[in-house]
Amino acid sequence: MENLLEIRRELASRDWEPMTAREAIAWGHERFGDRLVFASSFSLEDVLLIDLACAAGIRPRVFYLDTGVLFPQTYELIGRIAERYGLEPERVLPLLTLEEQAAEYGEKLWVRSPDQCCGIRKVEPLRRYLAGQEAWVTGIHRDQSPTRANAPRVTFDEAFGLVKLNPIVDWTMQDVRRYVAANDVPYNPLHDQGYPSIGCVPCTRAVKPGEDPRGGRWAGFEKTECGLHGH
Ligand code: SF4
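Right, let's walk through the structure included here.

Criteria and thresholds
Residues numbered from 1 in each chain as written. Predicted model: local features only at pLDDT ≥ 70, side-chain atom pairs only at ≥ 80, totals over all residues. Heavy atoms only, no water. Axes fitted to C-alpha atoms, helices over the stretch in contact; angles between N-to-C directions. Helix = DSSP H or I, 4+ residues; strand = E, 2+ residues; numbered from the N terminus. Parallel < 35°, antiparallel > 145°, perpendicular 65-115°, else oblique. Left-handed = near helix turned anticlockwise from the far one by under 90°. Contact = heavy atoms within 4.5 Å. Nonpolar A, V, L, I, M, F, W, Y, C, P; charged D, E, K, R; others polar. 1 Å grid on protein atoms, 1.4 Å probe; cavity = no way out; pocket = protein on both sides within 12 Å on 5 of 7 lines; lining within 4 Å. Points joined across faces, edges and corners; volume = space filled by probe spheres on them. Near = heavy atom within 4 Å. Sits in = over half its atoms within 2 Å of the grid points. Phe/Tyr/Trp six-rings, centres within 6.5 Å; stacked < 30°, edge-to-face > 60°. Pairing = 2+ DSSP bridges.

## Thoughts on the packing of helix α1 (residues 4-13) against helix α2 (residues 21-32)
Right, so step 1: At a minimum axis distance of 14 Å, the contact between α1 and α2 shows a crossing angle of 155°. Accordingly, the angle class assigned to the pair α1 and α2 is roughly antiparallel. Like other packed secondary-structure pairs, α1 and α2 cross with a definite hand, here right-handed. Where α1 abuts α2, its residues I7, E10 and L11 lie against W27, R31 and F32.
Right, so step 2: Residue composition of the contact of α1 with α2, by class: four nonpolar, no polar and two charged.

## Describing empty space enclosed by the protein
Right, so step 1: Here the structure, examined in full by the defined rule, presents two cavities of 30 Å³ or more.
Right, so step 2: Here the largest cavity defines a volume of roughly 100 Å³.
Right, so step 3: Around the largest cavity, the lining comprises 13 residues; the ones closest to its centre are C117, C118, K122, C200 and C203.
Right, so step 4: With four residues, helix α7 (residues 114-130) is the largest single contributor of residues to the lining of the largest cavity.
Right, so step 5: In terms of residue class, the lining of the largest cavity is made up of eight nonpolar, two polar and three charged.
Right, so step 6: Within the residue set of the lining of the second largest cavity, elements represented by two or more residues are β1 (36-39) and α3 (44-55).
Right, so step 7: Counting residues per element, the lining of the second largest cavity draws most heavily on α3, at three residues.
Right, so step 8: Taken together, the residues of the lining of the second largest cavity break down into five nonpolar, one polar and one charged.

## Quick word on the site of the ligand
Right, so step 1: Inspection of the region around the ligand gives V69, W110, P114, C117, C118, R121, K122, C200, C203 and W218 as its neighbouring residues.
Right, so step 2: Counting atoms within 2 Å of the grid points, the majority share of the ligand lands in the largest cavity.
Right, so step 3: In terms of residues, the shell around the ligand owes the most to one element, α7, which gives five residues.
Right, so step 4: Here the residues of the shell around the ligand sort into eight nonpolar, no polar and two charged.

## Things to note about the packing of aromatic side chains
Right, so step 1: Considering all chains together, one arrives at seven aromatic pairs under this definition.
Right, so step 2: Site record: aromatic cluster; members linked through ring pairs are W16, W27 and F32.

## Some remarks on the sheet that holds strand β3 (residues 90-92)
Right, so step 1: Pairing is mixed across the open sheet formed by six strands, whose spatial order is β3-β2-β1-β4-β6-β5. For this open sheet the edge positions go to β3 and β5 (154-157), each flanked by a neighbour on one side alone. Averaged over all neighbouring strand pairs, the angle between strand axes comes to 30°, with direction disregarded.
Right, so step 2: Packed onto the sheet, α2 meets β1, β4 (135-137), β5 and β6 (162-165) and runs at close to 135° relative to β1.

Nothing here speaks to function; it is geometry throughout.
Structure, rendered in structure tokens:
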């Protein structure tokens with residue numbers, strides 16, 4: 001990682017708000033090259049970002065956290081994205097297999113302690129992977145949840161120690177859906193079956209019309225985030 005002080009100064013000296021999503025991606029690519037990585041859970045936002053980058057002539061380095069309990073539809077989508085864009089998304093694995101986790105912490109840790117399970121299967125792998133990078137791109141946008149309402153477009157991610165780009169931070173969910181439809185971007189079919197937010201099978205359920213879109217994640221727990229975005 002280059003001089004952190006210099007990066008922080010550069011981030012503080014610019015007004016990132018007027019930048020478009022495409023400009024933010026282009027800046028990140030120019031500034032960090034191969035050390036810019038795209039985090040993907042293959043949500044609508046994530047597939048959109050891959051499409052945006054490719055349309056701008058940038059071959060994104062895409063990675064995903066394979067917890068081992070993603071939906072079959074998600075694994076299938078990864079294949080479609082790889083084919084459509086000619087990419088090989090990098091698969092980041094937890095240190096423990098599901099069997100090892102069960103042996104050490106008991107069966108179905110997600111039922112008793114989802115924070116601990118996310119820590120093992122998502123947060124530690126993400127931290128390990130990001131340690132070798134300089135900037136990451138996420139699909140966060142402000143209208144997703146109250147905890148994301150003040151998210152900046154470009155910032156220094158104190159939790160993981162690298163630059164964080166949120167190119168579509170000012171987009172609405174409607175903007176996202178419109179882009180995906182207009183550009184025929186491959187997406188997870190579960191979105192059409194009542195799943196606005198898709199994570200691991202044991203912690204995701206469909207929501208009813210009008211319900212909070214993230215209400216289908218960790219139902220029955222206070223938890224609303226995996227711990228990947230500093231909450
Ligand atoms: S979302 Fe659920 S299954 Fe996936 S890592 Fe977190 S607690 Fe475990």
